[in-house]
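A closer look at the structure
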Amino acid sequence: MVKESTIRLMTRLANENQAVNLSQGFTDESAIYEMVWGGIAASLGGTQDGIDRLEGTTIKDVLDKTGGSVEDLMGMKLKDVLKTLQNPKDAYNQYCYPFGLVELRNAIAEYTQRFQGFRPDPETEITVVLGATEGLFTSLRAICSPGDEIIVMQPYHEMYPSQAEILGLEAKYITLIENKEKGTWELDYSELEGIITGKTKVLVLNTPHNPTGKVFTRDEMSAIADICKKHNIIVITDEIYEHILYDGRKHICMAAMDGMRERTFVVNAISKTGNATGWRVGWIISPQAYTTRVRALHDTMVIQSPTPLQKGVVKLLGMDDSFHKNMPNEYARKCQVLTDSIKSIGFNVTPPEGSYYLFADYTNVPALKSMTPMDAAIFLIKEVGVATVPGDNFYAIGNSGDSYLRFAFCRSIESLEEAARRFAKLR
Ligand SMILES: Cc1ncc(COP(=O)(O)O)c(C=O)c1O
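Note that this is a predicted model, so its numbers are computed, not measured.

Scoring rules and cut-offs
- The residue count restarts for each chain, going from 1 along the sequence in the order it is written.
- Side-chain atom pairs in this predicted model are given and counted only at pLDDT of 80 or more, local residue features only at pLDDT of at least 70, and totals for whole chains, interfaces and linings cover all residues.
- Strands here are runs of E lasting at least two residues and helices are runs of H or I lasting at least four, both read from the DSSP assignment and numbered beginning at the N terminus.
- Atoms counted for the radius of gyration: C-alpha only. Globule rule: 2.2 Å times residue count to the power 0.38.
- With C-beta atoms placed from the backbone, the exposure class of a residue follows from how many other C-beta atoms lie within 10 Å of its own: 20 or more, buried; 12 or fewer, exposed; in between, partly exposed.
- Note on contacts: each residue gets a C-beta atom placed from the backbone, and two residues are in contact if those atoms are within 7 Å.
- By definition, two strands form a pair when at least two bridges between them are found by DSSP.
- A crossover gets the label right-handed when its path from the first strand over the helix to the second runs clockwise, viewed with the strands pointing away from the viewer.
- Domain segmentation is taken from an automatic or database assignment of domains.
- Note on residue classes: Ala, Val, Leu, Ile, Met, Phe, Trp, Tyr, Cys and Pro are nonpolar, Asp, Glu, Lys and Arg are charged, and everything else, Gly too, is polar.

1. Some words on the overall build of the protein chain
Tallying secondary structure elements over the protein chain gives 16 helices and 15 strands in all. For 427 residues, the compact-globule estimate of 2.2 N^0.38 gives 22 Å, and the protein chain sits close to it at 23 Å. Expressed along its principal axes, the backbone C-alpha trace of the protein chain runs to roughly 70 × 55 × 40 Å. Counting all 427 residues of the protein chain, 47% fall into the buried class. If you take every contact in the protein chain between residues at least 6 apart in sequence, the share linking residues at least 24 apart comes to 72%.

2. Focus on the pairing of strand β8 (residues 234-238)
Looking along a regular strand, one sees side chains alternate from face to face of the sheet. With five of its five residues buried, β8 lies for the most part within the structure. Summarising the sheet, strand β7 (residues 200-206) and β8 pair through five bridges and their orientation is parallel. Directly across from L203, in β8, lies its bridge partner V235. Remark: the β7/helix α11 (residues 218-230)/β8 crossover connection has right-handed handedness. Sheet topology places β8 next to strand β9 (residues 264-269); four bridges connect them, and they run parallel. Note on β9: the bridge partner recorded for D238 is V267.

3. With respect to unusual backbone geometry
Of all residues except glycine, most have a negative phi; of all peptide bonds, most are trans. Q154 connects to P155 through a cis peptide bond whose omega is 0°. Examined against the element boundaries, P155 turns out to sit in the loop between β3 (149-154) and α9 (159-166). Across the junction of N210 and P211, the peptide omega takes the value 15°, indicating a cis bond. Residue position: P211 is located in the loop between β7 and α11.

4. Some points on helix α13 (residues 307-317)
Of all eleven residues making up α13, eleven are buried, and the element is well covered by its neighbours. Where α13 is concerned, the buried positions are T307, P308, L309, Q310, K311, G312, V313, V314, K315, L316 and L317. Packed against the buried residues of α13 are α2 (33-45), α7 (102-116) and β2 (126-129).

5. Observations concerning the pairing of β2
A two-sided burial pattern is seen for β2, the buried positions comprising I126 and V128 on one face and T127 and V129 on the other. Sheet analysis places β2 next to strand β10 (residues 282-285), joined by four bridges and oriented antiparallel. Across the sheet, residue I126 finds its bridge partner in β10, namely I285.

6. What about the domain arrangement of the protein chain?
By domain assignment, the protein chain separates into domain 1 (6-29 + 323-426) and domain 2 (102-302). Between the C-alpha centres of domain 1 and domain 2 the distance comes to 25 Å. Residue assignment for the side of domain 1 that touches domain 2 shows that the elements contributing at least two residues are α1 (6-16), α14 (321-343) and β12 (357-361). Counted by class, the side of domain 1 that touches domain 2 contains 15 nonpolar, eleven polar and three charged residues.

7. Concerning the environment of N232
Assignment of secondary structure puts N232 in the loop between α11 and β8. Under the C-beta neighbour-count criterion, N232 is labelled exposed, with 10 such atoms within 10 Å. Each C-alpha atom, one on N232 and one on T66, is 65 Å from the other, the two residues being 166 residues apart in sequence.

Pasting the structure below:
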């Protein structure tokens, strides 16, 4: 039976125990303003004309609208000022095409061209969905039937096996192995090829990877692509951390690899790039032959992603290159603060190449080394005041997860410094 997400459980325990929450991958800092404004403008502006009017509205216009008295305007609540600007006509708080606003699908096409070098057709290949979570679920259902097998790399994001279970699919696991000397995580291609059967339909590939921080290189992607072509396997890629890359690493999109466009579903979302995990806007780029099915599934389950938020996301995707290029810098600083802190109490960690997690070995931390990952995580919440996620939560087979805890460093520097102060108690 599908169980409660351990990651969400850790967040709940963090809140109950006033712990610094480094368990779930979401920030405590503001969402990207341009995007937030785009959502507000759509919701208040109501129509494209209304949005254009709002975008050009000055304080002087507001003054005229509210009767011309500066005194009166100064005393008004912002909420009441904004009400005077609300358009009585509305299109953007209503249903839109279930598969997404045309302007957002166009923006996704441009964005994909800009960053991945190919332009999916907004009419036949792009479907806007409720975040990467729905993107993965809908893609799996569009490709597979109950009884089919999918390949998942462990450690994994917990939703992959849970969704497989709901859909009656059998998840088969291959294991990324930490190479501490080389400072990276490695995949054994013969293990991958060996697990394929006549029922294997899909390989789920997450790069940059949660929880290890691995960024698959072009050579690795190419080797995986060759195996998938040889065995007629479709790849679903989870690219939600595509811009969070360290030390000049490049994100490679599987759909841009030779001969892979027609066998790749790209799943992406603004949850991490927009600092807005609660917005629930993502997309699937599917091979044309599957798009009708993807859209029918999506419409039947949830109809659509929120219309005004889709308008906000158009703004996010249009941000200039420097926004995306600079994104990793702040994360790199945060990563350093947390890495220094946990290493000083005995954790061992391979530096992440991308994403925003540390998957750290605690077997040399005196206070934790004799504990199971769950006991270690509970101890850290209750006795130290920091929430993490037990490593075995990311594994289905074997015991490789038993020595790890996962830390998310996407929180504010102040939160990370507070966590560091609390960890110092364990020195
Ligand atoms: C690898 C990965 N995929 C998907 C998700 C969920 O994405 P969304 O919030 O867009 O559904 C997460 C969230 O942490 C994640 O780490």
